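Topology and contacts: notes
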Amino acid sequence: MNQYAVRIAQITALLIVMSVSEIIAQTYPTTELELEEIVVSFEVPKAVVSDIFVMYDGKTVFVPLVKLFSLLDINVKIDLLTRKVDGFYLTKDKKFEFDFVKNRITVFGKEIPYLASNYYFGEDDLYIKISALNQIFELNADFDFTMLRVFLRLDENFPVYKKLKRKIAREKLDQEEIAIKDVIDIEYTRQYLSGGSLDWVLSTNPIGGRNKHYYNFRFGGITLGGDLLINTGGSFGDIDSKIFESDQFSYKWHYAFDKSTYLTQAEIGNVTGGGALSRTLEGGMVTNRPQVRRTFFQSINITDFVGPGWEVELYIDNKLADYVITKSDGIYDFSTDVFYGSSDIELRMYGPNGEYQVKEHIVRVPYTLIPKGEFEYAIAAGEGFEFSSKKKYIQTNSLYGVTNKFTIGLSSEIPLESNQNTKPLYGLDATYQVISNMTFNSALIPNYVNRVRLNYSLPSVINLNAGFSKFYENSIKNPLGANYNVQFAVSSPIKIFGQSLGVRYNISHDNYDISTTTNMNYGFNLSANPIYLTYIGQYKMNNSFFQSDNSISSQFLLSTNFVKFVRPQFRIDYNHTTGELEKYGFFFAKRIFRTSQLSFSYERNNRSKINTFTVTINLLKSFADFTSRVLKNDRNVSVNQMQKGSIRYDSQNKSLHFDRRSAIGFGAAIVKPFLDDNYNGVMDESEEYLEGLRAKIKGARVNVTGSNSQRKYFYNNLRPYEEYVVQIDKYSLDDPMLKPTHENYKVKINPNVVTSIKVPIVTASELSGKVERQLGTIKSGIGGFKVYVMNLSKETLIEMPTFNSGDFYYLGLIPGSYRAYLDKNELEKYGYKSNPPFIEFEIKPVTGGSFIEDINFILSTEVTEPDSEN
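These numbers were taken from a predicted model, which means no experiment stands behind them. (Residues numbered from 1 in each chain as written. Predicted model: local features only at pLDDT ≥ 70, side-chain atom pairs only at ≥ 80, totals over all residues. Heavy atoms only, no water.)

What about the pattern of salt bridges?
- Evaluation of the coordinates by the stated rule reveals 28 salt bridges.
- Here Lys477 and Glu413 are joined by a salt bridge, their closest N and O atoms 3.6 Å apart. With Lys477 in the loop between β32 (462–471) and β33 (482–496) and Glu413 in strand β28 (residues 406–415), the pair connects residues that are 64 residues apart, well separated along the chain.
- The exposure class assigned to Lys477 is partly exposed, which follows from its relative accessible area of 21%.
- Among the salt bridges present, the one from Glu772 reaches Lys770, with a minimum N-O distance of 3.7 Å.
- Judged by relative accessible area, Lys770 falls into the partly exposed class, the value being 26%.
- Here the salt bridges do not stand alone but share partners, grouping Arg166, Arg170, Glu311 and Glu313 into one network. (Salt bridge = Lys/Arg side-chain N within 4 Å of Asp/Glu carboxyl O. Helix = DSSP H or I, 4+ residues; strand = E, 2+ residues; numbered from the N terminus. Buried < 20%, exposed > 50% of the residue type's maximum accessible area, 1.4 Å probe, protein only.)

Below, the structure is given as structure tokens:
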């Protein structure tokens, strides 16, 4: 019995000892495990590749938390005295703390169960078991012993990845700024007679249209140095047809004056002076308005204090425009351009300790404002219709920018024929931008109208318009006897449960001598994929001395992509006044082949008791649009066919270009590269054109003809008289030895005709060299070192890294003077001195190019010489 009691006591004591040991093991971080320190590779795709020290226990690894988070740019700090590690993960609200004095771990506001075997507190870092790291911070890391690698899956929210993306965006911005320096201005050449463009429309009605057919031609070209536009049309097919319809004939000749601020444009034909009293006149006009509508308004400075060491990026309409790293004063300062319309200015600020701030400001500039101190005028004279007869008038309009937020204008209309009912009119109008989102317009025209309008716009929130007009007795301008008009409109996009609901409301009230009229429109658009619903409501009220008439109607449009094959749309029109379903029907369209579309619609009109079926086929070819429509109802059948397109004649290259889109009012360009053997920038008789050179012109629509080495690029849809920067793709030619002498050209586009841009191409030269590090008498190549080569005449920069052997090579240098040097930041970082500091060389134009060798640099460690003074 005593032996049994002794045995029980021994087992109990052993259990107590083991329990205490376990408690101690779980209470204090591991310090006496058999851990081996090894070097492994730490990799995060697209972000980090670095060697780190880890602790290995034979099964898994303990990774250094502070080192890893530092490589990921995650805020972390360690206090070895208090045995504490803390910081915040990705955002400042996600704090973490490891306290090994209190044996407490708090992550994101929650306390994590403490297990000492997961941690090892080293001399300079906290090592954490990789499985615990994954669990605590929801990461996806693993250890591969065969490759000696810790691999962490990329999270795009890692600060180091965001920083890398910012760096790439900034380098791209810097490269764009460097590239834009190499811009060659092509001198504007005025053409005095040149064939241009023709827009054509032909409509035939073989069934149900009395066999009457119509045509319309619009011609645009260059005549006497100005652009000429002629419009004409007519009909044929029956006895009432006229091949030439005089009322469809119109013309305008426009001349642009170069480098003149007092007179910029002159027009003859159908002209208008603009302003509150504007009307179309058949005569002439002169003005000093900009030839191309203003886009730039003013430059502004954006400056504020944020703190030293912050990275501040300036985005304009979600595009990086500039960046700065604040200095010791903590102030950022940007100068940026403001354009007409709405500009979204956003500042993204990144602090040195992981902070992140965003400031956003929307700048609106109404098109009715002109910059401070600017003056514009227009004077027009000619004949205009007054009822059914023509009268002669002079019209004037002028604008002056009092401030950048206040513009005033004066306008007049003076009849040149005496008539007791036609009197001169003079008006004053003004635009005032009260605040950024609110604009006030007014017009005061005695004996005609006084008008005020207000607009308030907060993008993606609300748009509001209100107006009031008071009319006066005027048999010419106010023949219906209007007294006043009131308008109000509001629209707003609303988000409901993640779905978009756009609501709108509009009301207009007119008061006349004998009647009043009120029109109200309201509705909404609901986009709840896969259902799209549109509602349009209308209310009309007419009251007069003779009768009153009120009506309310609704229209519903429902479409869905449940049936992706056709995506049908249904329509219902309901008259609330009569309580009748007036119309209903459906519509669907289906794309057939690559360039065709078939559509079918049905409509039932309950008032007339007529069913209407319509089948339409659209054939969209590159050179023209063809539309055929068959309409059948209970009474007749009709067939209509319409074809339209445009033809543009390139007089310099003797070629025709066909397009299904309009060509009138737009310019076109073609890039013509030629092999410039003597490097004089001019195409000589012995030199030949090349094919296949691609360019980028902002806003242009590109047509490509030919294939492979015979590709030709034709650029359409260019605004006339606009200066475009043509960015040459130097890698687009099939032969890598051929390079353009310049990468950017600035050219002014003529309207309606084709502008040829001749680009000199030369045979490129090759460059090679080596970067070596010297230690005593031993030299060894250094890989990954950046070598810069600057074109001294164009101030463009080429960057190339060295290979593992230290060699570097580049193909693509054009004739010119160059300077090669090493990255100064890398030299300072590693404490090297470059010998020589730079190498200058020259590439001369040689047939077949040349080869520049031995651009070699020796790196040595900078050593401070001892003081030689006695």
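Structural notes on the side chain of Ser50
- Within the element layout of this structure, Ser50 appears in strand β2 (residues 48–56).
- For Ser50, a relative accessible area of 19% puts it in the buried group.
- In contact with Ser50, other than residues within four places in its own chain, are Val40, Ser41, Phe42 and Leu71. (Contact = heavy atoms within 4.5 Å.)

Regarding the environment of Gly273
- Locating Gly273 in the fold gives a position in the loop between β18 (265–271) and β19 (281–287).
- Since its relative accessible area comes to 0%, Gly273 is described here as buried.
- Sequence spacing of Gly273 and Tyr377 is 104 residues, and the spatial spacing of their C-alpha atoms is 8.7 Å.

A word on the sheet that holds strand β52 (residues 754–763)
- Ordered in space as β47-β48-β45-β52-β50, the 5 strands form an open sheet in which the pairing is mixed. Looking at strand neighbours, the two that pair on one side only are β47 (701–705) and β50 (738–740), the edges of this open sheet. Each adjacent strand pair in this sheet contributes to an overall mean axis angle of 30°, direction not counted.
- As judged from the 5 bridges shared by β47 and strand β48 (residues 712–718), these two strands associate in the antiparallel manner. Residue pairing in the sheet places Val704 in a bridge with Tyr713 of β48. (Pairing = 2+ DSSP bridges. Axes fitted to C-alpha atoms, helices over the stretch in contact; angles between N-to-C directions.)

Looking at the packing of aromatic side chains
- By the definition in use, this model includes 43 aromatic pairs.
- Members of the aromatic cluster, each reached through a chain of ring pairs, are Phe69, Tyr89, Phe96, Phe98, Phe100, Phe108, Tyr114, Tyr119, Phe121 and Phe137. (Phe/Tyr/Trp six-rings, centres within 6.5 Å; stacked < 30°, edge-to-face > 60°.)

Some words on unusual backbone geometry
- The step from Asn529 to Pro530 runs through a cis peptide bond, and the omega angle for that step is 15°.
- Mapped onto the secondary structure, Pro530 falls in the loop between β35 (515–528) and β36 (531–544).
- For the bond running from Asn835 to Pro836, omega is 0°, close enough to zero to count as cis.
- A positive phi is found at Leu148, a non-glycine position, where the angle reads about 50°.
- Note that Leu148 resides in the loop between β11 (141–144) and β12 (149–152).
- In the Ramachandran plot, Leu224 falls in the positive-phi region, its phi being about 55° despite a non-glycine side chain.
- Mapped onto the elements of the fold, Leu224 is located in the loop between β15 (213–223) and β16 (226–236).

Some points on the environment of Ile445
- With respect to the helices and strands, Ile445 occurs in strand β30 (residues 438–445).
- The class for Ile445 is buried, based on a relative accessible area of 1%.
- When the C-alpha atoms of Ile445 and Ser411 are compared, they prove to be 9.0 Å apart, with 34 residues separating the residues in sequence.
- If sequence neighbours within four positions are ignored, Ile445 has contacts with Ala276, Leu277, Tyr426, Gly427 and Asn450.

Digging into the sheet that holds strand β25 (residues 356–365)
- With antiparallel pairing, the 4 strands of this open sheet are ordered in space as β22-β21-β24-β25. The sheet is open, and its two borders are formed by β22 (319–325) and β25, each paired with just one other strand. The mean angle between the axes of side-by-side strands here comes to 15°, regardless of whether they run parallel or antiparallel.
- Bridge count between strand β21 (residues 311–316) and strand β24 (residues 341–350): 6 bridges; the pairing is antiparallel.

Points about the pairing of strand β53 (residues 765–775)
- Direction of pairing for β53 relative to strand β57 (residues 807–813): antiparallel, over a ladder of 6 bridges. Across the sheet, residue Glu766 finds its bridge partner in β57, namely Leu811.
- Of the strand pairs in this sheet, β53 and strand β61 (residues 851–861) are connected by 7 bridges, and their pairing is parallel. Within β61, the residue paired with Gly769 across the bridge is Ile855.
- One ladder, built from 4 bridges, connects β53 with strand β54 (residues 778–781); its direction is antiparallel. If you follow Arg773 over to β54, its bridge partner there is Ser780.
- Joining the antiparallel neighbours β53 and β54 is a turn of 2 residues, in which Gly776 adopts a positive phi near 70°.

Digging into the environment of Tyr715
- Assignment of secondary structure puts Tyr715 in strand β48.
- Under the relative-accessibility criterion, Tyr715 is labelled buried at 1%.
- Considering only alpha carbons, one finds Tyr715 and Val754, 39 residues apart in sequence, at a separation of 9.1 Å.
- Here the side chain of Tyr715 touches Ala695 through a polar contact of 2.9 Å, landing on its backbone nitrogen. (Polar contact = N/O pair within 3.5 Å; in protein donor to acceptor, adjacent residues only side chain to side chain.)

Examining the pairing of β22
- In the sheet, β21 pairs with β22 via 6 bridges, with the strands oriented antiparallel. Bridging from a neighbouring strand, Tyr315 pairs with Leu320 of β22.
- Between the end of β21 and the start of β22, which pair antiparallel, lie 2 residues, with Asp317 showing a positive phi angle near 55°.

With respect to the confidence of the model for the protein
- Chain-level statistics for the protein give a pLDDT mean of 87 and a share of 94% at 70 or above.
- Taken element by element, the predicted model of the protein shows its lowest mean pLDDT in helix α1 (residues 2–27) (46) and its highest in β32 (95).
- Contacts of residues 13–28 to residues separated by more than four positions or lying in other chains number 10 contacts, the stretch itself having pLDDT below 50.
- Ignoring residues within four places in sequence, the model shows residues 864–870, a span with pLDDT below 50, making 0 contacts including any to other chains. (pLDDT = per-residue confidence, 0-100.)

As for the side chain of Gln433
- In this structure, Gln433 sits in strand β29 (residues 425–435).
- Looking at Gln433, its side chain comes within polar contact range of the main-chain oxygen of Ser436, at 3.1 Å.
- Every residue in contact with Gln433, bar those within four places of it in the chain, is listed here: Arg364, Val365, Pro366, Leu369, Lys405, Met438 and Thr439.

Concerning a nonpolar patch on the surface
- Taken together, Phe375, Tyr400, Val402, Ile408, Leu410, Leu428 and Leu444 make up a surface patch of nonpolar side chains, about 580 Å² in accessible area.
- Broken down by secondary-structure element, the contributors of at least two residues to the nonpolar patch are β27 (389–403) and β28.
- By the secondary structure assignment, Phe375 is in strand β26 (residues 375–386).
- Classification of Phe375 as partly exposed rests on a relative accessible area of 43%. (Patch = residues over 30% accessible without salt bridge, like charges linked within 9 Å, V, L, I, M, F, W, Y side chains within 5 Å. Areas by Shrake-Rupley, 256 points an atom, 1.4 Å probe, with all protein chains shown as cover.)

Comments concerning the nonpolar core
- Leu65, Phe98, Tyr119, Phe137 and Phe158 are the most contacted members of the largest nonpolar core, which totals 43 residues.
- Counting residues per element, this core draws most heavily on helix α3 (residues 130–137), at 5 residues.
- In this structure Phe137 touches Leu65, Phe69, Tyr89, Phe96, Phe98, Val107 and Phe108, once residues within four positions along its chain are discounted.
- Leu767, Leu813, Leu827 and Ile843 belong to the second largest nonpolar core, which has 25 residues in total. (Core = buried A, V, L, I, M, F, W, Y, C linked by side-chain atoms within 4.5 Å.)

Quick word on a positive patch on the surface
- Together, Lys172, Lys319, Lys696 and Lys698 give the surface a local cluster of positive charge.
- As for its position among the elements, Lys319 is in strand β22.
- Residue Lys319 is classed as exposed on the basis of its relative accessible area, which comes to 56%. (Lys, Arg positive; Asp, Glu negative; His and termini not counted. Charge placed at Lys NZ, Arg CZ, Asp CG, Glu CD.)

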